[in-house]
Amino acid sequence: MSPHTVSSPKNRPKYYDLNLRNLPTPGLVSIFHRITGVAMFLFLIPMALFILQTTLSSEAGFASWKGYFAHPLVKLIVVGFVWSFMHHLFAGVRYLLIDLHIGIAKAPAQSSARVVLVAGLVATAVFAARIW
Amino acid sequence: MKNSKQPVGAHYGWKDWMIQRVTAAVMLVYSVLILGFFLVHGTVAFADWKQLFQSQLVRILSLLFFFAVFYHAWIGVRDVLMDYIKPFFIRLSLQVAVCLFLIVCSIWTVSILWSN
Ligand code: HEM
């Protein structure tokens, strides 16, 4: 969110290190929050509405989705979206707390970022264990 | 152009920022409720699922949730577009496409929730 890109100086130094392994944990949480947000916008919204429509409209539609969800490949995709949602949710809550000036210093911000990454993965693992 | 307001820019204030926080809170509450429903019911049969969405309260809360998602997604995706897409007409076209898509989704949601 940079509103004044037009007025930024031309020759400022640029530092593009796109290697995710060199990114500090809060940076990882942030870029995953962005990627999961856009992924959910593109794929989860239309899919969720489509599934809601077919599962509610008839018993046969409900049964066919029950069948799809039993397929391992579909389960894998569902697990991917569950991770997207859980990571985005936990990272979102972290941002809301930071907005309230909770955990804003460097050390707590780094540990809360680690908590967010782990919590998203743990929640996804619990879900995956339940559907398999 | 220096410091001038762009038609495809942010809305230059705290309003969108606040809406994104409020919609986040709405989604959070609804997610916990739905999760609770699935935890209580275990596997859900068609009859339970259908009955759940026959309730007017559930329909209204669901509509509130989806509208929160759409508004939240609009602000979020607009922020992302502002970061990466600089040419005016490309950004405008993408923003219009996102908006129209979300409006269609809103209408679709109403029809799904109230046609069962
Ligand atoms: C419980 C659910 C959710 C919570 C708590 C939440 C929270 C947040 C918060 C606080 C932000 C602002 C981050 C910032 O300003 O840096 C945000 C951004 C965003 N959200 Fe969500 N969100 C949720 C669900 C969703 C869903 C379902 C979608 C998509 C359909 C979504 C899409 C986005 C997008 C695209 C952004 C912009 C990302 C960026 O600027 O990097 N969010 N979310």
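Residues numbered from 1 in each chain as written. Chains lettered and ligands numbered in written order. Predicted model: local features only at pLDDT ≥ 70, side-chain atom pairs only at ≥ 80, totals over all residues. Heavy atoms only, no water.

Visitor: With reference to specific residues and values, describe the interface of chain A and chain B.
Guide: Counting from both sides, the interface comprises 29 residues of chain A and, opposite them, 37 residues of chain B. Taken together, the two surfaces of chain A and chain B that pack against each other cover about 3,000 Å², and 71% of this comes from carbon and sulfur. Sorting the residues of chain A by area buried against chain B places A:Phe41, A:Leu49 and A:Leu56 first, and these three jointly supply 23% of that buried surface. At the boundary of chain A with chain B, the tally comes to two salt bridges. The salt bridge partner of B:Arg21 is A:Asp99, with a shortest N-O separation of 2.6 Å. Summed over the shared surface of chain A and chain B, the result is seven residue pairs in polar contact (both at pLDDT 80 or more). Among the elements of the structure, helix H1 (25-57), helix H2 (59-70) and helix H3 (72-99) of chain A are those that each provide at least two residues to the side of chain A that touches chain B. (Contact = heavy atoms within 4.5 Å. Buried area = accessible area lost by both parts, 1.4 Å probe. Salt bridge = Lys/Arg side-chain N within 4 Å of Asp/Glu carboxyl O. Polar contact = N/O pair within 3.5 Å; in protein donor to acceptor, adjacent residues only side chain to side chain. Helix = DSSP H or I, 4+ residues; strand = E, 2+ residues; numbered from the N terminus.)

Visitor: Help me get a handle on the confidence of the model for chain B, residues and values and all.
Guide: Residue and element names in this part refer to chain B. Confidence along chain B averages 92 in pLDDT terms, with 97% of residues attaining 70 or more. At the low end of the mean pLDDT range in chain B sits helix H1 (residues 15-41), at 92; at the high end sits helix H4 (residues 88-114), at 98. We note a pTM of 0.89 for the whole complex and an ipTM of 0.90 for its interfaces. (pLDDT = per-residue confidence, 0-100.)

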